[in-house]
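Analysis of the macromolecular model
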Amino acid sequence: MDEVKVVVAHSERATLRVGDVFLKVDSDQARIDAEVEAMSLAPVPTPEILWRRPPVLAIAAVPGSTLGRLGGPSTGSSAAWAAAGAAIRKLHDAPLPDRPGGAGRSVVALTAELDEECERLVADGLLPADLVHRNRHIAQAALRPWTPVFTHGDLQIAHVFVAEDEVTGIIDWSEAGQGDALYDLATFTLGHEERLDDVLSGYGASHGIGISNGTESDQATETGHEARTGTGHDARTETGHDARNGTGMGLAPAPDLDVIRGWWSLRSLMAVRWLSEHGFDPFAPGCEVDVLRSRM
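Residues numbered from 1 in each chain as written. Predicted model: local features only at pLDDT ≥ 70, side-chain atom pairs only at ≥ 80, totals over all residues. Heavy atoms only, no water.

Considering the packing of helix H5 (residues 181-189) against helix H6 (residues 196-203)
Contact geometry of H5 with H6 gives a least axis separation of 10 Å together with a crossing angle of 140°. Here H5 lies oblique to H6, going by the angle between them. Regarding H5 and H6, the two cross each other, and that crossing is right-handed. Contact with H5, carried on its side by Ala-181, Leu-185, Phe-188 and Thr-189, involves Leu-196, Val-199, Leu-200 and Tyr-203 of H6 and no other residues of that element. Residue composition of the contact of H5 with H6, grouped by class: seven nonpolar, one polar and no charged. (Axes fitted to C-alpha atoms, helices over the stretch in contact; angles between N-to-C directions. Helix = DSSP H or I, 4+ residues; strand = E, 2+ residues; numbered from the N terminus. Parallel < 35°, antiparallel > 145°, perpendicular 65-115°, else oblique. Left-handed = near helix turned anticlockwise from the far one by under 90°. Contact = heavy atoms within 4.5 Å. Nonpolar A, V, L, I, M, F, W, Y, C, P; charged D, E, K, R; others polar.)

A closer look at the sheet that holds strand S1 (residues 4-9)
A sheet is described by the order of its strands in space; here five strands give the open sequence S1-S2-S3-S5-S4, paired in antiparallel fashion. Because the sheet does not close on itself, it has two edges, and the strands there are S1 and strand S4 (49-53). In this sheet, adjacent strand axes meet at a mean angle of 20° when their direction is disregarded. Inspection of the sheet shows strand S3 (residues 21-26) paired to strand S5 (residues 56-60) by five bridges, in the antiparallel sense. The residue bridging Val-25 from the neighbouring strand is Val-56, located in S5. (Pairing = 2+ DSSP bridges.)

Quick notes on the packing of helix H4 (residues 129-139) against helix H9 (residues 257-277)
The contact between H4 and H9 brings their axes to 7 Å, and the two run at 130°. The pairing of H4 with H9 is recorded here as oblique in orientation. Between H4 and H9 lies a crossing whose hand is left-handed. Across from Val-132, Asn-135, Arg-136, Ile-138 and Ala-139 in H4, the residues of H9 making contact are Arg-261, Gly-262, Ser-265, Leu-266 and Leu-269. Each residue belonging to the contact of H4 with H9 can be placed in one class, and the counts come to five nonpolar, three polar and two charged.

Notes on H9
The terminal C-alpha atoms of H9 lie 31 Å apart, and with 21 residues this matches the ideal 30 Å at 1.5 Å per residue to within 8%. Along its length, H9 shows its largest kink, about 40°, at Ala-271. The buried fraction of H9 amounts to 16 of the 21 residues, a majority that puts the element mostly inside the structure. Regarding H9, its N-cap is Asp-256, as a side-chain oxygen of that residue lies 3.0 Å from the backbone nitrogen of Asp-258 further along. Downstream of H9 by a residue or two, Gly-279 has a phi angle that is positive, lying close to 85°. (Expected span 1.5 Å × (residues − 1). Bend = angle between axes of the 7 residues up to and from the residue. Buried < 20%, exposed > 50% of the residue type's maximum accessible area, 1.4 Å probe, protein only. Polar contact = N/O pair within 3.5 Å; in protein donor to acceptor, adjacent residues only side chain to side chain.)

A word on the side chain of Arg-144
One can find Arg-144 in the loop between H4 and strand S7 (149-151). Under the relative-accessibility criterion, Arg-144 is labelled buried at 8%. A distance of 2.4 Å separates polar atoms of two side chains, one belonging to Arg-144 and the other to Asp-180.

Details of H5
Burial analysis of H5 places nine of its nine residues in the buried class, which makes it a mostly covered element. Ala-181, Leu-182, Tyr-183, Asp-184, Leu-185, Ala-186, Thr-187, Phe-188 and Thr-189 are the residues of H5 that are buried. Looking at the packing, one finds that the buried side of H5 touches helix H2 (78-92), S7, strand S8 (160-163), strand S10 (177-179), H6 and H9. The positive-phi residue at the C-terminal boundary of H5 is Gly-191, with phi of around 80°.

Things to note about the pattern of salt bridges
If you walk through the whole model with that rule in mind, you get 19 salt bridges. The partner of Arg-31 in a salt bridge is Asp-26, with the nearest N and O atoms 2.8 Å apart. Comparing Arg-31 with Asp-26, the two get one shared label, buried. The network of salt bridges with common partners includes Arg-13, Asp-26, Asp-28 and Arg-31. (Salt bridge = Lys/Arg side-chain N within 4 Å of Asp/Glu carboxyl O.)

So this is what it looks like as structure tokens:
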């Protein structure tokens, strides 16, 4: 009999593994709906859906292995990391899904949430003020207008599998939808900055393209678009028009390193408290707090 292994479990959801089958149990059926829909639309390898009986979704394990984990060494060849970048670009260039995703929160709402979280991190003594203030300054670069593309929304390194320098599967699509392309790139390389050049080589842009001078990010909260609030709204550009090219395709931008660094800081600031409260350790070597410290 196959052993039942708990992959992850907290108050909102749990994932169990039984042999080559993963059972995802989620109290929010909207997340499962979003995941099933996204996997059916994504032009990249995704897990096979075996069956679904709410609140459980059963999917098959994908072949291959991840390129590492946050807090651990990065593995795989440069070619494997580039292949991951190419797969991410293929997703970003695909037709836009109807749903807003986890990478598509509005600039205004996200700015307010980030500022509140920074205040709490300092007031509660979770992080020193200078560390929070420095990373809040860097995070500002991510708070700017952007063109929505088909994003994964939670593209952690542990969610991308490769074998023989080819992507064999991308898992955990519950946050997929319209969003900021650079959020995906930043999430995938969080804690593995040294691999960003490899990822961008596969994505189709060198690191010399689109370096921000900070002007646009300083104006982001004034000119920001509506992409997603806590209840979800249509993704828009700063002018309020649907950002499509006439064919329904997303328009992936040239990567901007200042924005990617901004997302590293922003995502880490927003994650520290949640992780601490749900049984994870953001203070572990190489994890979110170390990402924040590396910006000092």
